[in-house]
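One letter stands for each residue in the lines below.
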Amino acid sequence: MILEGLERLEYRGYDSAGIAVIDDGALRITKAGGKLEVLNGLTRGGTTLPGFAGIGHTRWATHGVPNEVNAHPHYNTAKTIAVVQNGIIENYVALRKRLISKGYQFVSETDTETVAHLLDLYYKGNPLEAVIKVLQHIEGSYALSILFADQPDVVYGVRKGCPLILGIGEDGNFMASDVTAILKHTRRVIYPGEMEIVELKADGVRIVTMDEEEVTHGITEVAWDISAAEKGGYKHYMLKEIMEQPRVVRDTLSPRIRDGRIVIEELGMSDEELSRVRRVFMVACGSAYHTGVTGRYIFENLARIPVETDLASEFIYRDPLLDRDDLVVVISQSGETKDTLDAVKIAREAGCKVLAIVNVVGSTIARESDFVMYTQAGPEISVATTKAYSAQLIALYLLAMKFAEVRGFLHGRKLRSMLDDLMKLPEQIELMLGNRDKVQRIANRFIAARDVFFIGRGIDYAISLEGSLKLKEISYIHSEAYAAGELKHGTIALMEEGSLVAAVSTQPALHAKLLSNIVEVKARGAVIFSVTTMGNREIEEASDFCVTLPETNPLFANSLAIIPLQMLAYYISDGRGCDVDKPRNLAKSVTVE
Ligand code: F6R
């Protein structure tokens, strides 16, 4: 039953899996690296693990490489408590140190094992009490399912910022991170609240608050079929992933901001080493390259370090002039892109340090680089990247700010105000997502377009590059991005009655310049869709359609402006009947040159 449930979660992508059951008062745990098939084989379709209550997990690595040891469930040394977790325990390093000083021995690199040992520390015969104590000590966003060997008929669960649902069945009850896992058994679902502790038994469910007050929630009947459920009710993974961006940004951001400072432990370079870096090279492909284009503006502006941003496929054949004091930053969602991987090799051969900003833990680029900064986007299924792009931007902001800090350009009020603006981004992205219906209406006007021009200056040019790529790759409409100031040097010849122009203007210092460019193309009959800062009335009035952004530091505007452009591409593609998640001729991971 558990294996079947895990199979339904396969779409999330996973790299290892495991199951724990209570059988005859003892915990039996089987884990395996690789796909679920391996675990299926090891347990002979689950038959080697008989039991009355059990938990299972497929892992998408966030801490530690994907292998058997790091796979869940994790357990205490006496193997009397087992736990599976989704999410991130942000303070696990401090907790781990504390537990080691108390004599606890860790076998894995995961944050989740901390929870198993903490439960052991607090368990004195009352599981509920132990769970509550643990919750008082762990920080982050997570969903947990827990077994105690001496409570053979109960599964404990809790959620904070991560999904956890309960299924009420005929012959037993269920707990899962997603309704897909249990739809075969029941459509009757309870949604527990944040930080409410669930005691799940075969014949009943009890839910209590942190003060041990009992709460009740109604049962909801789920109407989804399996395929809709996998997409969280969205029509496509791309839309689901667009909507996930507030969480992804929060998860990439918050573990790296502590006590008003930026802490990038993964960087592995002392402040002195950081201040010795003379030049930064940002190297990547496709959308990841576009984040590097943004990164260049931000690094140079904040940290006053010269930055070169290169397409990996160009970098590897141009015999770049690299020096030992240069830092090469490679950016990749998959961590498997061949051109980017070759760039890593070239940079290391030249004696440079390589920092990889990567989403997939344990991927080749992560393994081959000196340092890895993981984005916390989770598995991205849709071929066109959205949430991984947003997480990469956040990683680059943090990196640029760290460099600026150690080089003495960012401190005091300016640092505090930038940190405040960073922390507001998840909420502001949520606000931008609220424009969904409006963008869909605008998209209807663009559905029959033959060409679309994206224009912007500075950072807005970088966003234009990404907006244009999103549109062309999933809708097959020809589109290009132009640095707005370049129009007059040739491109403006293409403007005619009805030409579609998406104009991005988020940099106050450049509003007037962009306004002139809008007026110029409008005079030739162009229809304008603009994305600009709130209160920028002149650009709003000059545009046929406009989406505005809430106030933020102009260096972070990319994170907000990209949202309507992603949605525009999505709705145009869907409106044209294209295969949004699997555009023709493209692959999610490009492992060939
Ligand atoms: C566009 C897209 C691609 C990737 C590029 C690099 O939506 O997804 O342009 O950004 O192929 O892939 P990664 O980031 O895996 O190295």
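Just so it is clear, the model here is predicted, and its values are computed rather than measured.

### Overview of the overall build of the protein
The helix and strand inventory of the protein stands at 20 helices and 26 strands. Here the C-alpha atoms of the protein give a radius of gyration of 25 Å, agreeing with the 25 Å that 2.2 N^0.38 yields for 593 residues. Judged by the C-alpha coordinates and their principal axes, the protein covers about 80 × 55 × 45 Å. Expressed as a percentage of its 593 residues, the buried residues of the protein come to 59%. Accessible surface computed for the protein: about 24,100 Å², of which carbon and sulfur atoms make up 48%. Treating the 65 positive side-chain charges of the protein as one cloud and the 79 negative ones as another, the clouds have centres 3 Å apart.

### Focus on the packing of helix H8 (residues 245-253) against helix H14 (residues 387-406)
Between H8 and H14, the least distance of the axes is 9 Å, while the angle of their chain directions is 30°. For the element pair H8 / H14, the angle class is roughly parallel. Relative to H14, H8 is oriented so that their crossing is right-handed. Taking contact as the criterion, the partners of Gln245, Val248, Val249, Thr252 and Leu253 in H8 are, on H14, Lys387, Ser390, Ala391, Ile394, Ala395 and Leu398.

### As for the environment of Lys102
Mapped onto the fold, Lys102 is located in the loop between helix H3 (92-101) and helix H4 (112-122). Assessed through its relative accessible area of 48%, Lys102 is described here as partly exposed. It is 9.3 Å that separates the C-alpha atoms of Lys102 and Leu121, two residues lying 19 residues apart in sequence.

### Considerations on the pattern of salt bridges
The final tally for this structure, using the stated rule, is 28 salt bridges. Measuring nitrogen to oxygen at the nearest pair gives 3.2 Å for the salt bridge that ties Arg206 to Glu214. One salt bridge connects Lys402 with Glu405, and the closest N-O pair in it is separated by 4.0 Å. In this pair, Lys402 and Glu405 are both assigned in helix H14, three residues apart and thus about one turn of the helix distant. Assessed through its relative accessible area of 8%, Lys402 is described here as buried. Since its relative accessible area comes to 14%, Glu405 is described here as buried. Several salt bridges share partner residues, and in doing so they unite Arg279, Glu308, Asp310, Arg318 and Asp326 into one network.

### Brief notes about the domain arrangement of the protein
Under the domain assignment used here, the protein contains domain 1 (2-166), domain 2 (235-433) and domain 3 (434-586). Using C-alpha coordinates to define each centre, domain 2 is positioned 24 Å away from domain 3. Between domain 2 and domain 3, the contact holds 38 residues from the first and 38 residues from the second. Linking domain 2 with domain 3 are one salt bridge. Applying the counting rule to domain 2 against domain 3 returns 24 residue pairs in polar contact (both at pLDDT 80 or more). Elements supplying a minimum of two residues to the side of domain 2 that touches domain 3: helix H7 (237-243), helix H10 (286-303), H14 and helix H15 (412-433). With ten residues, H15 is the largest single contributor of residues to the side of domain 2 that touches domain 3. In terms of residue class, the side of domain 2 that touches domain 3 is built from 23 nonpolar, twelve polar and three charged.

### Topic: the sheet that holds strand S2 (residues 26-33)
Read from one edge to the other, the open sheet built from three strands follows the order S2-S1-S3, with strand pairing classed as antiparallel. Each end of this open sheet is capped by a strand with a single partner; those strands are S2 and strand S3 (53-59). Going from strand to strand, the sheet's axes swing by 10° on average, the running direction of each strand aside. Where strand S1 (residues 16-23) lies against S3, seven bridges are found, and the strand directions are antiparallel. For Ala17, the partnering residue across the bridge sits in S3 and is Thr58.

### A closer look at the site of the ligand
Surrounding the ligand, one finds 14 residues, the nearest of these being Ser332, Gln333, Ser334, Thr337 and Glu473. For the ligand, an oxygen atom lies 2.6 Å from a polar atom in the side chain of Ser334. Separating an oxygen atom of the ligand from a backbone N or O atom of Val383 is a distance of 3.4 Å. Relative to its free-state accessible area of 400 Å², the ligand is covered by the protein chains to the extent of 89%. Among the secondary structure elements, those contributing two or more residues to the shell around the ligand are H10 and helix H17 (459-475). A breakdown of the residues in the shell around the ligand according to their chemical character gives five nonpolar, seven polar and two charged. Each of domain 2 (235-433) and domain 3 (434-586) contributes no fewer than three residues to the shell around the ligand.

Rules of the game
- Residues numbered from 1 in each chain as written.
- Predicted model: local features only at pLDDT ≥ 70, side-chain atom pairs only at ≥ 80, totals over all residues.
- Heavy atoms only, no water.
- Helix = DSSP H or I, 4+ residues; strand = E, 2+ residues; numbered from the N terminus.
- Rg over C-alpha atoms; globule rule 2.2 N^0.38 Å.
- Buried < 20%, exposed > 50% of the residue type's maximum accessible area, 1.4 Å probe, protein only.
- Areas by Shrake-Rupley, 256 points an atom, 1.4 Å probe, with all protein chains shown as cover.
- Lys, Arg positive; Asp, Glu negative; His and termini not counted.
- Charge placed at Lys NZ, Arg CZ, Asp CG, Glu CD.
- Axes fitted to C-alpha atoms, helices over the stretch in contact; angles between N-to-C directions.
- Parallel < 35°, antiparallel > 145°, perpendicular 65-115°, else oblique.
- Left-handed = near helix turned anticlockwise from the far one by under 90°.
- Contact = heavy atoms within 4.5 Å.
- Salt bridge = Lys/Arg side-chain N within 4 Å of Asp/Glu carboxyl O.
- Domains from an automatic or database assignment.
- Polar contact = N/O pair within 3.5 Å; in protein donor to acceptor, adjacent residues only side chain to side chain.
- Nonpolar A, V, L, I, M, F, W, Y, C, P; charged D, E, K, R; others polar.
- Pairing = 2+ DSSP bridges.
- Near = heavy atom within 4 Å.

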